[in-house]
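# Understanding the architecture of this molecule
Below, each chain spelled out in residue letters.
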Amino acid sequence: MNPVDYALIKKPYSGRDDECGDDGCFRIIDGNCFIAHFDALGHGAAAAEAAAAAVNFTEKTCGKEPDEIISGLHEVLTGSVGTVGFIGILDLESGDFRYSGIGNITARIYGYRRQSLRSADGIIGYSIRPPKTQTAVVYPGDIIVLTSDGITEHFVMEEYPDLLSGSSEDIAASFITLLGKDNDDSSCSVLRYLK
Ligand SMILES: [Mn+2]
């Protein structure tokens, strides 16, 4: 079973750590590596509260399939400002990555090739269609990167030759420093599937 290296870095727009509407979590359970990333609408205290509720619920239910967790989150977060979110489960033995996303969390696999993992339209807690779990294959050495819309989505990789260098912590820090916007919370989760 291949080990993983995980990091989450978030940078609140207001500069106050208790006012970040971007958040995420990570667990390893029974040979599966579970990862989630959220960006609650807007920023400030109400967004931070919704993001915290999303993480709290997700941590309690992370043995379930991604689409089931999203459906549960949608119920729990009704009445909140709502959030976009991405949930993935990596089978550490096979490299199968089951995922489900709603809204504009950018999810990409970098490695031998670059693959974007598409999310459905909608806002969790406000309006979603029945979520689906999809599957991608992750190979040893691949890097899964999840970013909120506080990080530039479109960029030319060749202009950032060191973006994917170092540990997951280094990579997340590079995304925030090199591609972070200054008008929103920004955040990046990195999961490296080690050889
Ligand atoms: Mn945002």
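Residues numbered from 1 in each chain as written. Predicted model: local features only at pLDDT ≥ 70, side-chain atom pairs only at ≥ 80, totals over all residues.

### A look at helix H1 (residues 45–61)
The first and last C-alpha atoms of H1 sit 25 Å apart over 17 residues, in line with the 24 Å expected at 1.5 Å per residue. Taken as a whole, H1 has its buried residues at Ala47, Ala48, Ala50, Ala51, Ala54 and Thr58. Taken end-on, H1 shows its buried residues confined to a sector of 165 degrees, consistent with a single buried face. Among the structural elements, strand E2 (22–29), strand E3 (32–40), helix H2 (66–76) and strand E4 (83–91) are those in contact with the buried residues of H1. (Helix = DSSP H or I, 4+ residues; strand = E, 2+ residues; numbered from the N terminus. Expected span 1.5 Å × (residues − 1). Buried ≥ 20, exposed ≤ 12 C-beta atoms within 10 Å, placed from the backbone. Arc of directions from axis to C-beta. Contact = placed C-beta atoms within 7 Å.)

### Observations regarding the pairing of strand E6 (residues 106–110)
Successive residues of a regular strand alternate their side chains across the two faces of the sheet. As judged from the five bridges shared by E6 and strand E9 (residues 143–147), these two strands associate in the antiparallel manner. Directly across from isoleucine 109, in E9, lies its bridge partner isoleucine 144. Where E6 folds back onto strand E7 (residues 115–116) in an antiparallel hairpin, the turn is made up of four residues. (Pairing = 2+ DSSP bridges.)

### Let's talk about the sheet that holds E3
Across the sheet, which stays open at both edges, the five strands sit in the order E2-E3-E4-E5-E8 with antiparallel pairing between neighbours. Two strands bound the open sheet, and with one partner strand each, they are E2 and strand E8 (134–137). If you compare each strand with its neighbour and ignore which way they point, the axes differ by 20 degrees on average. Alignment of E2 against E3, held across eight bridges, turns out to be antiparallel. Bridging across to E3, aspartate 23 finds its partner in phenylalanine 38. Against the sheet, H1 touches E2, E3 and E4, its axis set at about 10 degrees to E2. Against the sheet, H2 contacts E4 and strand E5 (96–102), and its axis sits at roughly 155 degrees relative to E4. (Axes fitted to C-alpha atoms, helices over the stretch in contact; angles between N-to-C directions.)

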